[in-house]
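Chain by chain, the residues:
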Amino acid sequence: MITARLAQENGGKEMKKQSETTRRTRRIFIDAFWTLVKEKPISKIAVNELTRRTSYNRGTFYEYFIDIDDLVANAEADLLDELKQAIRQVMPESGSGNMIHQMASERADSLKTLFQIVFNAMNEKIYLLLGPNGDSAFFPKVKSELLPLVEDYLPLPADSPYFDYLLDYINSAMFSILQLWNERGKDLPAEEVSALMQNLVLRGLMAYLPETNDVQE
């Protein structure tokens, strides 16, 4: 009995050790991928570059990933999980009822909160994927993953015929502005960019056009 229990405990420890090794090796390859994306487009990244960066051989790479596309999919899935977790940490739970309804009744405050949450959750890896070296298929993934999280922040009834259009517009506007801001070396203060996104959605382009009393014929 004692021998069997010890064998079971040792087996459990060995499985845990193998699992930790698997996670660590997988993470090393993914970290090397993120480093390479800073240097070249994803389409130009090859397995041999990853093995050189990690000091593992090709056989080890294929133990964990089918190919480069599989590694990219895993890296993006991890990143989306991190993004959603970051948003959930500061976003009221959908079951909090009163908070959600109160924010929905205050249209401007609701959208400002949404912008601030997404803005704060953005990180370098997201900007890399949205940039010229990134993955054009990543943006639709971000939108589809974020929609269930941010729907309560759109101040329209869910049964409105415009709901999906406005939700897509807000998401596209936010990420387009953030992508350009990043490509330009974050040339504006973060507070100004956040205010810009809010004003464009809440007040439109007219908020930034010079006021004039002249009427163009």
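Everything in this summary refers to the structure shown in the same document. (Residues numbered from 1 in each chain as written. Predicted model: local features only at pLDDT ≥ 70, side-chain atom pairs only at ≥ 80, totals over all residues. Heavy atoms only, no water.)

So, about the pattern of salt bridges. By the definition in use, this model includes eleven salt bridges. R27 is the partner of D31 in a salt bridge, and the nearest nitrogen-oxygen pair spans 3.5 Å. One end of the pair, D31, and the other, R27, are both in helix α1 (residues 2-37), four residues apart, so they sit about a helical turn from each other. Judged by relative accessible area, which is 37%, D31 ranks as partly exposed. Residue K40 is joined to E49 by a salt bridge in which the shortest nitrogen-to-oxygen separation is 2.4 Å. According to the relative accessible area criterion, K40 is partly exposed, its value standing at 22%. (Salt bridge = Lys/Arg side-chain N within 4 Å of Asp/Glu carboxyl O. Helix = DSSP H or I, 4+ residues; strand = E, 2+ residues; numbered from the N terminus. Buried < 20%, exposed > 50% of the residue type's maximum accessible area, 1.4 Å probe, protein only.)

Now for the nonpolar core. If you look at the biggest cluster of nonpolar residues, it comprises 46 residues, and the most contacted ones within it are F33, W34, L50, F61, F138 and L178. The biggest single contributor to this core is helix α4 (residues 68-90), with eight residues. The residues contacting W34, other than those within four sequence positions of it, are A75, L79, K125, L128 and L129. (Core = buried A, V, L, I, M, F, W, Y, C linked by side-chain atoms within 4.5 Å. Contact = heavy atoms within 4.5 Å.)

With respect to the helices and strands, E145 occurs in helix α8 (residues 138-150). On the basis of relative accessibility, which here comes to 29%, the residue E145 falls in the partly exposed class. Put simply, E145 and D81 are 64 residues apart on the chain and 9.2 Å apart in space, counted from C-alpha to C-alpha. Contact partners of E145, with chain neighbours within four places excluded, come to L80 and K84. Within the local environment of E145, its side chain forms a polar contact with the side chain of K84, the two groups lying 2.7 Å apart. (Polar contact = N/O pair within 3.5 Å; in protein donor to acceptor, adjacent residues only side chain to side chain.)

A full pass over the atoms with the stated rule returns seven aromatic pairs. Each ring, one from F61 and one from F65, has its centre 5.5 Å from the other, and the planes form 40°; the classification is tilted. Of the two residues, F61 and F65, both sit in the buried class. (Phe/Tyr/Trp six-rings, centres within 6.5 Å; stacked < 30°, edge-to-face > 60°.)

This brings us to the environment of S55. Here S55 shows up in the loop between α2 (47-54) and α3 (58-64). Considering only alpha carbons, one finds S55 and F29, 26 residues apart in sequence, at a separation of 9.8 Å.

What follows deals with unusual backbone geometry. The residue S55 is not glycine, and still its phi comes out positive at about 70°. Overall, S55 belongs to the exposed group, its relative accessible area being 70%. For K186, which is not glycine, the phi dihedral falls at a positive 50°. Among the structural elements, K186 can be located in the loop between α9 (163-183) and α10 (190-203). Judged by its relative accessible area of 41%, K186 falls in the partly exposed class.

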